[in-house]
Amino acid sequence: MFKPFKFYLFLFVLCCSLNKLSAQHTYNISNTPRLNKIQDSLVILSEETFAAKTNLERVEKNAQFVKKFISALKVNGSFNFGFDSLKRISILKSPDNSFRIITWFVPTEEGTYRYYGTIQMGTSDGSLKLFPLTDGSDKLTDANSLTSNKNWFGTRYYEMIPVMVNGKQPYWIFLGWKGNNATTNKKVIEVLSFEKGEPVFGKNIFEVAKNQPLKNRVVFEYNKANTMTLTVENKVNMIVFDHLAPYDPKMAGKFEFYVGDGSFDGYKLNWGKLSLSENLELKNDPSPNDDFYGKPVKASTIITKTN
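As for its position among the elements, Asp 96 is in the loop between strand E1 (90–93) and strand E2 (99–107). The buried charged residue Asp 96 lacks any salt bridge, with Lys 93 as its nearest oppositely charged partner at 9.7 Å. At a separation of 2.7 Å, a polar atom in the side chain of Asp 96 contacts the side chain of Ser 94. Side chain to side chain, Asp 96 and Ser 98 meet in a polar contact 2.8 Å long.

Below, the structure written as structure tokens:
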């Protein structure tokens with residue numbers, strides 16, 4: 001429904017200073033033939049991991065994949081290599097080339113998921129600097145906790161939103177998918193920043209309810225058989241998502257019964273926080289496909305209902 005979000009800077013209502021964030025680092029080292037050869041092996045291992053019938057086989061194949069992938073990242077200049085043939089992993093690079101984040105998941109026989117990833121830093125000489133991401137989801141008693149790369153709230157990210165205000169240290173908002181268990185999936189709005197050179201996940205900027213304390217991240221949970229929209233509408237600079245509700249009000253709090261109710265909510269960057277806007281109305285541009293779908297399918301404008 002929504003046009004993919006491809007911009008390089010997400011604007012605040014505040015005046016934004018772009019000098020540091022827009023400064024581009026360039027790394028011209030290339031070992032493409034060698035990396036292409038390693039990538040071919042990685043594709044095979046990735047597919048074998050998902051084709052494996054047992055948890056033990058998947059763990060073993062994924063361990064081989066991780067080992068081979070690290071060997072690829074150790075190749076001088078690997079930061080420039082896109083690994084485009086690896087369709088099961090997500091690689092998102094910051095617009096200033098300061099880092100990229102690599103994430104993927106491995107399903108289990110029980111219908112749960114384990115998450116893997118790393119943050120690869122851009123270095124001037126092409127040498128390797130990594131912050132491996134260790135999935136700590138099972139041990140986190142509070143999904144609102146600030147975490148490090150060592151107890152990461154495992155998620156496969158699919159969108160990056162760089163943010164900088166008034167020349168302050170930038171941070172990055174991520175949208176991600178988090179398969180949960182046999183009955184529910186999750187989607188996540190996460191924040192990454194660097195403090196004293198170390199990654200920190202979570203930031204106290206999310207308004208999840210009016211006049212309530214701000215949260216460090218947002219986690220949505222919903223029925224596994226359904227889908228949930230979580231995307232960015234760049235024409236109005238909003239993160240837009242389905243409003244989730246149970247089929248039956250009696251099922252409140254039982255997320256296996258939650259689905260999109262046909263309405264949309266959103267977050268807009270406003271004075272240092274992501275302000276919640278509820279009950280959004282989507283206005284669509286006409287599309288050549290309207291005759292096939294019966295209604296416009298290209299969202300271009302979002303307005304808040306007044307009633």
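With that out of the way, let us pick up the pattern of salt bridges. Within the structure shown, the criterion is met by six salt bridges. Residue Arg 88 pairs with Glu 47 through a salt bridge whose shortest N-O separation is 3.2 Å. With a gap of 41 residues between them, Arg 88 in the loop between helix H3 (55–73) and E1 and Glu 47 in helix H2 (residues 32–51) connect regions that are remote in the sequence. Exposure remark for Arg 88: the relative accessible area of 31% places this residue in the partly exposed category. Across the salt bridge formed by Arg 114 and Asp 135, the nearest N and O atoms sit 4.0 Å from each other. With a gap of 21 residues between them, Arg 114 in strand E3 (residues 113–121) and Asp 135 in the loop between strand E4 (130–134) and strand E5 (156–163) connect regions that are remote in the sequence. Residue Asp 135 is classed as buried on the basis of its relative accessible area, which comes to 9%. One continuous salt-bridge network, built from bridges that share partners, spans Arg 114, Asp 135 and Asp 138.

Not every positive phi belongs to a glycine, and Asn 97 is a case in point at roughly 60°. Residue placement: Asn 97 occurs in the loop between E1 and E2. Of note, Lys 196 is a non-glycine position whose phi angle comes to about 55°, a positive value. For Lys 196, the location among the structural elements is in the loop between strand E7 (184–195) and strand E8 (198–201). Residue Lys 196 is classed as exposed on the basis of its relative accessible area of 87%.

Residue-level pLDDT values for the protein average 84, and 81% of them are 70 or greater. Counting contacts from residues 1–24, a segment whose pLDDT is below 50, to residues more than four positions away or on other chains yields 68 contacts. Confidence drops under a pLDDT of 50 for residues 285–307, and excluding neighbours within four residues, the segment shows 40 contacts in the predicted structure.

Going through the model one piece at a time under the given rule, you end up with 21 aromatic pairs. Seen from their ring centres, Phe 69 and Trp 104 are 6.0 Å apart, and the 70° between their planes marks the pair as edge-to-face. Within this pair, whereas Phe 69 is found in helix H3, its partner Trp 104 is found in strand E2, the two being separated by 35 residues in sequence. An aromatic cluster of at least three residues, connected via ring pairs, comprises Phe 65, Phe 69, Phe 81, Phe 83, Trp 104 and Tyr 116. Stacked on the ring of Phe 79, the Lys or Arg Arg 100 has its end atom at 5.6 Å from the ring centre. One cation-aromatic arrangement involves Lys 178 over Phe 153; the distance from NZ or CZ to the ring centre is 4.6 Å.

Here we come to the environment of Leu 92. Along the polypeptide, Leu 92 turns up in strand E1. By relative accessible area, Leu 92 is classed as buried at 15%. Along the backbone, Leu 92 and Thr 103 are 11 residues apart, and their C-alpha atoms lie at a distance of 8.8 Å. If we ignore the near neighbours within four places in the chain, the residues touching Leu 92 are Phe 99, Arg 100, Ile 101, Tyr 157, Tyr 158, Glu 159, Met 160 and Phe 174.

So, how was this worked out
- Residues take numbers from 1 onward in each chain, read along the sequence in its written order.
- This being a predicted model, a pLDDT of at least 70 is required before a residue's local features are given, and a value of 80 or more before pairs of side-chain atoms are given or counted; all residues contribute to the totals for chains, interfaces and linings.
- The side-chain numbers reported here are obtained from all heavy atoms of the structure, hydrogens and water having been left aside.
- By the criteria applied, helices consist of DSSP H or I runs no shorter than four residues and strands consist of E runs no shorter than two, each listed in order from the N terminus.
- The buried label goes to any residue with under 20% of its type's maximum accessible area, the exposed label to any with over 50%, and the partly exposed label to all in between, with areas taken from a 1.4 Å probe on protein chains only.
- When charges are counted, Lys and Arg are positive and Asp and Glu negative, with His and the chain ends excluded.
- In the sections that follow, a salt bridge refers to a side-chain nitrogen of Lys or Arg positioned within 4 Å of a carboxyl oxygen of Asp or Glu.
- Here a polar contact means two N or O atoms within 3.5 Å. Within protein one must be a hydrogen donor candidate and the other an acceptor candidate, and residues neighboring in sequence count only if both atoms are side-chain atoms.
- What pLDDT expresses is the predictor's confidence in each residue, scored from 0 to 100.
- Working rule for contacts: check all heavy atoms of both residues, and any pair within 4.5 Å makes them a contact.
- Classification of ring pairs uses Phe, Tyr and Trp, with its six-membered ring standing for Trp, and accepts pairs whose centres are within 6.5 Å; under 30 degrees between planes counts as stacked, over 60 as edge-to-face, and the remaining range as tilted.
- Charge-over-ring contacts are defined here by two conditions on Lys NZ or Arg CZ: a distance within 6 Å of the ring centre and an angle within 35 degrees of the ring normal.

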